[in-house]
Amino acid sequence: MRRLLLGAIIPVLLLGAWEISSRTGLLTLESLSRPSDILVAGYAALTDGSLLLATVQTCETALLGLMMAAVFGIVLGAVLGLLPTAERIAGPTIEALRPIPAIAFMPLALMVFGFGVGLEASIVAYACVWPILIVTIAAVRAIEGRLLEVAAVLELPVWKKMVKIVLPAAFARINVGLRVAAAISLVVAVTVEIVLNPRGLGYRLILAEQALEIGLMWAQLVWLCLLGYVLNLLLSRVGRGSAAIWRPL
Amino acid sequence: MQALRKNPVAVRPVEASLSALSISKLRVRFGARTILEAINLNVRPGEFVCIVGSSGSGKTTLLRVLAGLARADHGRVLFDGAEISGPSCERAIIFQDYSKALLPWRTVRGNVALSLEARNVPAKEQDAIIDELLAKMGLSRAREQFPAQLSGGMQQRVQIARCLAQEPKLLLMDEPFGALDAMTRQVLQDEILQLVAEKHISTVFITHDLEEAIYLGDRVVVLGNSPATIVESMDIELPRPRDQLTTREDGRFLAYRHRLFGLLVHDRSERRGQC
Amino acid sequence: MRRLFDPIALASLVFAFSLLLAWQLFADAHLISPIFFPSPLHTLAVLEHRLADGSLWLPLAATSLRMTFGWLLASVIGIVLGAAIGSSRVARDLLDPILEFIRPLPASAVIPVAILFLGLSNAMSVAVIAFGAIWPVLLASVHGFSSVPPELANVSQVLGFGRADYLRKIAFPSALPDIVAGLRVSLAIALILAVVTEMQSSLPGLGWDIFSAQRLYRSADLYAGLVMLALLGFGANHMIMLLESRVLRWRNVRT
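What you see is a predicted model; the values in this text were computed from it and never measured.

**With respect to the overall build of chain B**
Consideration 1: When helices and strands are counted, chain B shows nine helices and 10 strands.
Consideration 2: Overall, the C-alpha framework of chain B stretches about 60 × 45 × 40 Å when taken along its three principal axes.
Consideration 3: Among the 275 residues that make up chain B, the fraction classed as buried is 41%.

**Some thoughts on the overall build of chain A**
Consideration 1: Helix and strand counts for chain A stand at 10 helices and zero strands.
Consideration 2: Listing the helices and strands of chain A from first to last along the sequence gives α-α-α-α-α-α-α-α-α-α.
Consideration 3: Taken over the C-alpha trace, chain A has a radius of gyration of 23 Å; the compact-globule value for 249 residues is 18 Å, which it surpasses by more than 25%.
Consideration 4: Dimensions of chain A, computed from the C-alpha atoms along their principal axes, are close to 80 × 50 × 30 Å.
Consideration 5: The proportion of buried residues among the 249 residues of chain A is 39%.

**Looking at the nonpolar core**
Consideration 1: Counting residues in hydrophobic clusters, the biggest one holds 212 residues, and the most contacted among them are Met106(A), Ile123(A) and Leu172(B).
Consideration 2: Setting aside anything within four residues of it in sequence, one finds Met106(A) in contact with Ile123(A), Val192(A), Val195(A), Leu196(A) and Met199(C).

**Quick word on the interface of chain B and chain C**
Consideration 1: On the chain C side, the residues contacting the 19 residues of chain B number 14 residues.
Consideration 2: Looking at the side of chain B that touches chain C, the elements that each hand over two or more residues are strand 6 (91–94), helix 2 (98–101) and helix 3 (108–118) of chain B.
Consideration 3: Looking at the side of chain B that touches chain C element by element, the count peaks at three residues for helix 3 of chain B.
Consideration 4: Residues that form the side of chain B that touches chain C fall into these classes: 14 nonpolar, three polar and two charged.

**Digging into the arrangement of the chains**
Consideration 1: Between all two pairs of chains that are in contact, chains A and C come out with the most contacts.
Consideration 2: Without any contact between them, chain A and chain B keep their closest C-alpha atoms 19 Å apart.

**Quick look at the interface of chain C and chain A**
You'll often see interface size given as the accessible area lost when the parts meet.
Consideration 1: On the chain A side, the residues contacting the 42 residues of chain C number 42 residues.
Consideration 2: Elements supplying a minimum of two residues to the side of chain C that touches chain A: helix 1 (7–28), helix 4 (89–102), helix 5 (111–118), helix 8 (163–201), helix 9 (206–215) and helix 10 (219–247) of chain C.
Consideration 3: At eight residues, helix 4 of chain C tops the list of elements feeding residues into the side of chain C that touches chain A.

**Observations regarding the sheet that holds strand 3 (residues 48–52) of chain B**
Residue and element names in this part refer to chain B.
Consideration 1: Across the sheet, which stays open at both edges, the six strands sit in the order 6-7-8-3-9-10 with mixed pairing between neighbours. Lying at the two open borders of the sheet, with one neighbouring strand each, are strand 6 and strand 10 (229–235). Within this sheet the neighbouring strands show an average axis-to-axis angle of 20°, counted without direction.
Consideration 2: For strand 6 and strand 7 (residues 170–174), the ladder comprises four bridges, and the chain directions are parallel. Bridge pairing links Arg91 to Leu170 in strand 7.

**Regarding the confidence of the model for chain B**
All names here are of chain B.
Consideration 1: Per-residue confidence for chain B averages 86 on the pLDDT scale, and 90% of its residues sit at or above 70.
Consideration 2: Element-level pLDDT for chain B is lowest in helix 9 (residues 251–274), with a mean of 79, against a maximum mean of 95 in helix 3.
Consideration 3: Low confidence marks residues 1–17, where pLDDT is under 50. Its contacts with residues over four positions away, or in another chain, come to 21 contacts.
Consideration 4: For this predicted complex, the interface score ipTM comes out at 0.83, alongside a pTM of 0.83.

**Section: helix 4 (residues 84–97) of chain A**
Each turn of an α-helix holds 3.6 residues, which means side chains three or four residues apart point in the same direction.
Consideration 1: Look at helix 4 of chain A: 19 Å from first C-alpha to last across 14 residues, which is about the 20 Å you get at 1.5 Å a residue.
Consideration 2: Its axis deflected by about 45° at Ala90(A), helix 4 of chain A carries its strongest bend there, up to four residues before the proline Pro92(A).

**Concerning the environment of Ala190(C)**
Residues and elements named next belong to chain C.
Consideration 1: By the element assignment, Ala190 lies in helix 8.
Consideration 2: Assessed through the 29 C-beta atoms surrounding it within 10 Å, Ala190 is described here as buried.
Consideration 3: In this structure the C-alpha to C-alpha distance between Ala190 and Pro106, which are 84 residues apart in sequence, comes to 13 Å.

**Structural notes on the pairing of strand 10 of chain B**
Residues and elements named next belong to chain B.
Consideration 1: Across six bridges, strand 9 (residues 219–224) lies against strand 10 in antiparallel orientation. Looking at the pairing, Leu223 lines up with Ile230 of strand 10.
Consideration 2: Hairpin remark: strand 9 followed by strand 10, antiparallel, with four residues in the connecting loop; positive phi at Asn225, about 70°.

**Things to note about the packing of helix 9 of chain C against helix 10 of chain C**
All names here are of chain C.
Consideration 1: Relative to each other, helix 9 and helix 10 sit at 160°, their axes nearing to 8 Å. The orientation of helix 9 relative to helix 10 falls into the category roughly antiparallel. Crossing hand, helix 9 versus helix 10: left-handed. In this structure, helix 9 contributes Leu206, Asp209, Ile210, Ala213 and Gln214 to the contact, and helix 10 contributes Asp221, Leu222, Gly225, Leu226, Met228 and Leu229.
Consideration 2: Of the residues in the contact of helix 9 with helix 10, the class split is seven nonpolar, two polar and two charged.

**Section: the sheet that holds strand 1 (residues 21–30) of chain B**
Sheet strands pair by backbone hydrogen bonding; their relative direction is either parallel or antiparallel.
Residue and element names in this part refer to chain B.
Consideration 1: The four strands lie next to each other as 2-1-4-5, forming an open sheet whose pairing is antiparallel. Whereas interior strands pair on both sides, the edge strands pair on one side only; in this sheet they are strand 2 (33–43) and strand 5 (82–83).
Consideration 2: With two bridges joining them, strand 4 (residues 74–79) and strand 5 adopt antiparallel strand pairing. If you follow Leu78 over to strand 5, its bridge partner there is Glu83.
Consideration 3: Against the sheet, helix 1 (residues 59–67) engages strand 1, strand 2 and strand 4, with an angle of about 60° to strand 2.

**Details of the environment of Ser55(C)**
Residue and element names in this part refer to chain C.
Consideration 1: By the element assignment, Ser55 lies in the loop between helix 2 (40–52) and helix 3 (57–86).
Consideration 2: In this structure Ser55 comes out as partly exposed when scored by C-beta crowding, with 13 C-beta atoms within 10 Å.
Consideration 3: As a C-alpha pair, Ser55 and Asp209 span 154 residues in sequence and 9.9 Å in three-dimensional space.

**Quick word on unusual backbone geometry**
Consideration 1: Look at the link from Arg240(B) to Pro241(B): it is a cis peptide, with omega at 0°.
Consideration 2: Note on placement: Pro241(B) falls in the loop between strand 10 and helix 8 (246–249).
Consideration 3: The phi dihedral of Ser202(C) falls on the positive side, at around 50°, and the residue is not glycine.
Consideration 4: Along the polypeptide, Ser202(C) turns up in the loop between helix 8 and helix 9.

**Some details on the packing of helix 3 (residues 50–82) of chain A against helix 9 (residues 200–210) of chain A**
Residues and elements named next belong to chain A.
Consideration 1: Axis separation between helix 3 and helix 9 bottoms out at 6 Å; the angle between their running directions is 135°. If you check the angle between helix 3 and helix 9, you find them oblique. Residues Ser50, Ala54, Thr55, Gln57, Thr58 and Thr61 of helix 3 lie in contact with helix 9, whose contacting residues are Gly200, Leu201 and Arg204.
Consideration 2: Of the residues assigned to the contact of helix 3 with helix 9, the class counts are two nonpolar, six polar and one charged.

**A few points about the pairing of strand 4 of chain B**
Residue and element names in this part refer to chain B.
Consideration 1: Direction of pairing for strand 1 relative to strand 4: antiparallel, over a ladder of five bridges. The residue bridging Ile23 from the neighbouring strand is Val77, located in strand 4.
Consideration 2: Taking the residues between adjacent antiparallel strands as the criterion, strand 4 and strand 5 are bridged by two residues, where Asp80 takes a positive phi near 55°.

Cut-offs applied
Residues numbered from 1 in each chain as written. Chains lettered and ligands numbered in written order. Predicted model: local features only at pLDDT ≥ 70, side-chain atom pairs only at ≥ 80, totals over all residues. Helix = DSSP H or I, 4+ residues; strand = E, 2+ residues; numbered from the N terminus. Buried ≥ 20, exposed ≤ 12 C-beta atoms within 10 Å, placed from the backbone. Rg over C-alpha atoms; globule rule 2.2 N^0.38 Å. Core = buried A, V, L, I, M, F, W, Y, C linked by C-beta atoms within 7 Å. Contact = placed C-beta atoms within 7 Å. Nonpolar A, V, L, I, M, F, W, Y, C, P; charged D, E, K, R; others polar. Pairing = 2+ DSSP bridges. Axes fitted to C-alpha atoms, helices over the stretch in contact; angles between N-to-C directions. pLDDT = per-residue confidence, 0-100. Expected span 1.5 Å × (residues − 1). Bend = angle between axes of the 7 residues up to and from the residue. Parallel < 35°, antiparallel > 145°, perpendicular 65-115°, else oblique. Left-handed = near helix turned anticlockwise from the far one by under 90°.

Written as structure tokens, this is what we have:
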């Protein structure tokens, strides 16, 4: 309780000072607006559905990219994790590609896909695949040798070995990689929308800025913060309860 | 005082003057729990006092109060006649976990230099002092090495060297040799006796090891019960210099050992009754 | 034993080259569109040409400078703030909630705000870079400064060090491994944001280079830009690793 109160001190003070100085004319930058105006604009955007629509657009694209990255990353990661020689051979190529920022591929993706979901999802996928891949390789490599021996003794075919033994055992760590990637997916999706793609929350942000609807712009920023915060909260909850996925297999 | 040779330790002077350390009616609480109660203890200048007691009996808490790192709820601690109000360079404390008490990013030389920097010793004079100390502790060859490269015994020596560089009047040691092997422990026991005698440093030494306590101390204080009080304070009338072989075979040594064992077993069964 | 002919290293080079070779063959046979995927040789030729006539050096320098300035700014603020927060329970209680709230905001989202305040300028770019790059350093610093072993803190008290000496001689070196790890991630973020801000604001740099190459459908230039970006990223990471091995020498010694 005490921590809640202490933590609220600075935001409340700042907002209060902001509001008062705007009203009394101390602060007159047009780019700053007022907390009360921001609230009004935010409420309007929520109720007329534009904010929610944009949120859905951003989230569905991010999710699509994340899933593609997950499938590719986990499969490739499992293979490379199980075959250390293959991993060392492919290593330098991976290390050469990894430092290239995903958003640098935006123009290329634009050429190939044009504007729309494909552009965004592909960039998200490229950005998300690396943490998933690396974590999966490490996770698979860390699997207790005996489990793999059991698989060999039972003469499981490759795909069964993967599904029943390798993946469940590596799950906890892969999960961590997925959570990191999920956070990245949102950030990258918004970034693509800000720079290029006329779709989603990032695009709305640019529109508000260009139309000089400052209150709306700040409200959208607050919304983004909330979204990210809730996402992080959900991810940490999911992390705790998700081992159950593997049970039916 | 006799001049120091390699092994013989100077005979302790019997001083009738003021105590170096005077603890009276000390009480220490932690939240609702009382850890130490009615502690009264006087340490003479140059005296070596060992404190023993079962785990959790408040020994470390007492040491931290003496170091000025913890506050007492009641009672007084006087050092050199003045009340203790906080940590001081004069009261050096040696921690059991030497790996956490040394600066891993500094060499052995650098670690010892820390105390000299605190005392504002000019840089030009530092090297001479450090080299002398390192030679005394047998660390000369490890001068430019990092703590991670040293064995446990060597690391503890570095900690001792750093404490000695503080020129302390009181040395507080919290089970310093507990994590070391038996041989290293014995070597360091003799070294520490030599060092504190040479500099006439009063010492309060905590240990689990009853034999170590008897071997090292002029007096053994037993801390027991809950909240902890001083159950017994036993003077050790064994000749100095102590010797790992002959002292430990001395009849009186065995008698002290019997007594201490008896006290601690008694304390243990009392505690069990309380649970 | 000399490692010159390590078979695995050789195999990895062969692997990389065969990928490029396959790409080249596909391009030559027009199996893939040369508009989207120009052949490696063509890209190499363009790269060579532009390196020779100097038209790649300016964008490279511009992006590097922005990235570095933004990163330095983020590092200094992050470390100082991290020291303050990490060594004070009160500061942490006061600042944690608001920082936790702002942190998830994508740094690129502040670009419109930055443009309003600072226009389409280098200052805008550096500000956005600093905003995004500060988080890893800040979090690492807070963690580092709040994890100083209590024994060391006690030693500092006994020796009578004041706050300034404590921070300088004990807390900061103790936190340094964490801080350096944070600096590394920050640098990667700084590079990404430098490219993003360039694309957004047409400031000269590798990002803008790649962007305008796409506009003109000069895909070989686009790829050349990507290669330079990869080299920059690789070089930057290497610099940090060098810094790390110097500053954290004591971690790598063997008993």
